[in-house]
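Single-letter residue listing:
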Amino acid sequence: MRNALGLLLATVVAALAITGVWYYVSKPSAAKAAAQSAAAKPSEPAPPPARVAAKASSKDDVETTGTVSTRMAASAPAPVQPRSTCANPDALGISRTVMVDTTGGPGFGLDHFKQFDFLADHEVVLTFDDGPWPVNTPAVLKALADECTTGIFFTIGKHATYHPEILRQVLAAGHVVGVHTWSHANLNGKKMTDETAKEELEKGFSAVKFALGSNPAPFFRFPQLQHRPSAVAYLGSRNVAMFSCDVDSFDFRSKDADQVVNTVMTGLDKKGKGIILMHDFQKNTALALPTLLRRLKAGGYKVVAMKPKGTLDTLPEYDAMIGQDPKLPTTMTNARPISSVIQTISQ
């Protein structure tokens, strides 16, 4: 009896074990069921590459991937070239611009300075002395503008105080404004002292600053090209570049505009290049300049613009002299706007 019960119990356990194994084997796994379920669905397009959706603002609707904006990913446009403002397609123009470091007072112009001969064949620098002056300086500015070219203006301090509005036109037109002493005194004269020469220099600098409302360029030319040795050394200590010339127009003694043109072109054809000395103070120069610029163009000459690396800091004591000089025109000592002086009350 006991053996029979044990046999029955073993049979039941075996049957349960067999049933459990069959159920486990026949049931699909979770992974298999998921795969079968996916296969039973209609095919769908593959999802796009993973993206981080940037929340678009009202100003900038840019979708961004994990690394780069779609706007940035587009090829960058070519840089915009500045549009020329020159209305003359056949203008003389400017061939190149050089920047001058005036530290130590370098000299330019082979008549007196030979160390810094930087001009190539058929390159010229246009320079004008003794302005600003009514009629003549504006005529020179127009001729330069018509040919889209530039020059250096070496200004007499007194003239700057007489006609500050003209000197400001020179600067506004993009030309360089240097200095030509206070009163055009010969700094190498027999009665000239070092102290008087210094005053001529510094008052000239301060007068130009006073007229412009800003510092002048650290460019200087000696009147009559008379280079006082002590003044040369002083300008060097002030880091002011000095200019002589290669071709002198001698316009101050020319009988007419044609003679100015011929003198300059003869000198250039002989030397092949150079710094040209002219005077915007002179009527014949103003009349000659349009023709001269066309002759330069026809002769294959190219204008080089010289720009200083910095400006000249004037000395306060000489600035004060200019502001307090009773000999200056009242327009300079009474620096009020014109609207506060003159008002139309009836018309």
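Located above this text is the structure these notes cover.
Residues numbered from 1 in each chain as written. Predicted model: local features only at pLDDT ≥ 70, side-chain atom pairs only at ≥ 80, totals over all residues. Heavy atoms only, no water.

1. A closer look at the overall build of the protein chain
Helix and strand content of the protein chain: twelve helices and ten strands. Out of the 347 residues belonging to the protein chain, those deemed buried represent 39%. For the protein chain, the share of sequence-separated contacts (at least 6 apart) that also reach a separation of at least 24 residues comes to 79%. (Helix = DSSP H or I, 4+ residues; strand = E, 2+ residues; numbered from the N terminus. Buried < 20%, exposed > 50% of the residue type's maximum accessible area, 1.4 Å probe, protein only. Contact = heavy atoms within 4.5 Å.)

2. Points about the environment of Ala-145
Structurally, Ala-145 can be placed in helix H4 (residues 136-146). Owing to a relative accessible area of 52%, Ala-145 belongs among the exposed residues under this scheme.

3. What to know about the packing of aromatic side chains
The full count for this structure, using the stated rule, is ten aromatic pairs. For the ring pair Phe-108 and Phe-118, a centre distance of 5.9 Å and an interplane angle of 90° mean the geometry is edge-to-face. Taken together, the residues Phe-108 in strand S2 (residues 107-108) and Phe-118 in the loop between S2 and strand S3 (123-129) connect sequence positions ten residues apart. Note on Phe-108: relative accessible area 6%, which makes it buried. Classification of Phe-118 as partly exposed rests on a relative accessible area of 25%. On the numbers, 5.4 Å between centres and 40° between planes, the contact of Phe-108 with Phe-243 is tilted. Placement of Phe-108 in strand S2 and of Phe-243 in strand S7 (residues 241-243) is noted, with a sequence separation of 135 residues between them. Side by side, Phe-108 and Phe-243 carry an identical accessibility label, which is buried. Taken together, the ring pairs in this structure connect Phe-108, Phe-116, Phe-118, Phe-154, Phe-219 and Phe-243 into an aromatic cluster. (Phe/Tyr/Trp six-rings, centres within 6.5 Å; stacked < 30°, edge-to-face > 60°.)

4. What to know about the nonpolar core
Counting residues in each nonpolar core, the largest one holds 48 residues, and the members touching the most others are Leu-126, Phe-220, Leu-289 and Leu-296. In this view, Leu-296 contacts Leu-92, Leu-126, Met-265, Leu-268 and Tyr-301; residues no more than four positions away in its chain are not counted. With 15 residues, the next largest nonpolar core counts Val-100, Phe-219, Ala-241 and Val-304 among its residues. (Core = buried A, V, L, I, M, F, W, Y, C linked by side-chain atoms within 4.5 Å.)

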